[in-house]
Amino acid sequence: LTALADTIEHTLGHLDLAFSTWRPDSEISRINAAEADRELALSPDLQRVLEEARVVHELSDGALDVALLPLSTIWGFQGAAEPVIPSDDSVALALAYSGMKRLDFNADGTGLRKRDARQGLDVSALAKGYAVDRLGELLEEAGADNFLVEFGGEVLAVGERPGGGPWRVVVESVGPDLPALVLALSGEAVATSGDYRNHIVIDGRRLGHVLDPATGRPSEAGVVAATVIADTAQRADALATAFLVMDEAAAFGLADTLGVGLRRVTREERGLVSRDNDAFRQRLRKEE
């Protein structure tokens, strides 16, 4: 167990060194600081994360986009700058050189080129989910058949809980009128994304941290939280972010097409309102 604990600690440190936008020595920070039109090699972990980001980007019609770091920065969601509503011109300028469609990947996904030196990546929409999946892989390699992994609120449930039966996973309430949820999961992951914790208030306006790639501004879809159940934590994490931006019909249509569970909580005049698809309702259990 000591060796496994050391491996897990080493793996988490390695992933932080790959994905952190706050560390100047991280792999992704070096990519963000690189000049345009340079071949930038990607580590295996970053390759896997960006491959998934590209898949969900296509599935969601661009609602998930991990190449919006310049926009996050001018809105005050990155760096030390105080949150401020940027001018229309500065948003338009950053939007003009941001976005995954302006990145060129190698055919095998082992490297990329930026078309503009100002482009920047932020994979936080998938990083925690990917970390959970990697820890799950380590546990399986160590011979574990039944386990629960939680990291930063993202959960992977494999096999059975002690005593038998699916794992019981509690999803916390996102508002006073909505109770916590208890899900029964086995061989699945669950992730929640939303602005109920991570938002800023400027001049009385509540602005969520998830940007709409189409506008370069905080999403105005009115979604407080999206909880997704999928086969992997990375897929659940990525889709939860995309579903904060997509309109209701598109979000539930994609969830049903992919066979993933989805609960969306929206802020309406009557208060917070939740909606579940069938795949989500099938995993709801009453707390024992």
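Residues numbered from 1 in each chain as written. Predicted model: local features only at pLDDT ≥ 70, side-chain atom pairs only at ≥ 80, totals over all residues. Heavy atoms only, no water.

**Q** Sorry, what's going on with the sheet that holds strand E1 (residues 40–41) here?
**A** Sheet strands pair via backbone hydrogen bonds, and the direction of the pair is either parallel or antiparallel. The sheet built from 3 strands is open, its strands ordered E1-E3-E2 with antiparallel pairing. Looking at the sheet topology across the chains shown, the edges are occupied by E1 and strand E2 (103–105). Pairing geometry for E1 and strand E3 (residues 111–114), over 2 bridges, is antiparallel. The residue of E3 that forms the bridge with Leu40 is Leu112. (Pairing = 2+ DSSP bridges. Helix = DSSP H or I, 4+ residues; strand = E, 2+ residues; numbered from the N terminus.)

**Q** In this structure, what is going on with the packing of aromatic side chains? I would like to understand it.
**A** What characterises a pair of aromatic rings is the spacing of the ring centres plus the angle enclosed by the ring planes. A complete count under the given rule lists 1 aromatic pair for this structure. Both rings, one in Phe19 and one in Tyr130, keep their centres 5.8 Å apart while their planes meet at 75°; by these two values the pair is edge-to-face. Of the two residues, Phe19 sits in helix H1 (residues 2–19) while Tyr130 sits in helix H6 (residues 124–141), which places them 111 residues apart along the sequence. Tyr130 matches Phe19 in its accessibility class, with the two residues each being buried. Over the face of the ring belonging to Phe105 we find Arg54, whose NZ or CZ atom lies 4.1 Å from the ring centre. If you follow Arg275 out to its NZ or CZ, it ends over the ring of Phe252, 4.1 Å from the centre. (Phe/Tyr/Trp six-rings, centres within 6.5 Å; stacked < 30°, edge-to-face > 60°. Buried < 20%, exposed > 50% of the residue type's maximum accessible area, 1.4 Å probe, protein only. Lys NZ or Arg CZ within 6 Å of the ring centre and 35° of its normal.)

**Q** Could you clarify how one ought to interpret H6 in this entry?
**A** Since there are 3.6 residues in each turn of an α-helix, residues three or four apart along the chain are aligned in direction. For H6, with 18 residues, the first-to-last C-alpha span of 26 Å sits near the 26 Å given by 1.5 Å per residue. The buried fraction of H6 is high, at 13 of 18 residues. In the segment just after H6, Gly143 is the residue with positive phi, at about 100°. (Expected span 1.5 Å × (residues − 1).)

**Q** So what exactly am I meant to see when it comes to the layout of surface pockets here?
**A** Rolled over the atoms, a probe with the dimensions of a water molecule shows which regions are left empty. Within this model, the largest pocket holds a volume of roughly 1,300 Å³. As for the largest pocket, its lining consists of 49 residues, and the residues nearest its centre are Ser124, Ala125, Lys128, Glu154 and His209. For the lining of the largest pocket, the secondary structure elements donating two or more residues are H1, helix H4 (69–74), H6, strand E4 (147–151), strand E5 (154–158), strand E6 (167–171), strand E8 (188–194) and helix H7 (233–245). (1 Å grid on protein atoms, 1.4 Å probe; cavity = no way out; pocket = protein on both sides within 12 Å on 5 of 7 lines; lining within 4 Å. Points joined across faces, edges and corners; volume = space filled by probe spheres on them.)

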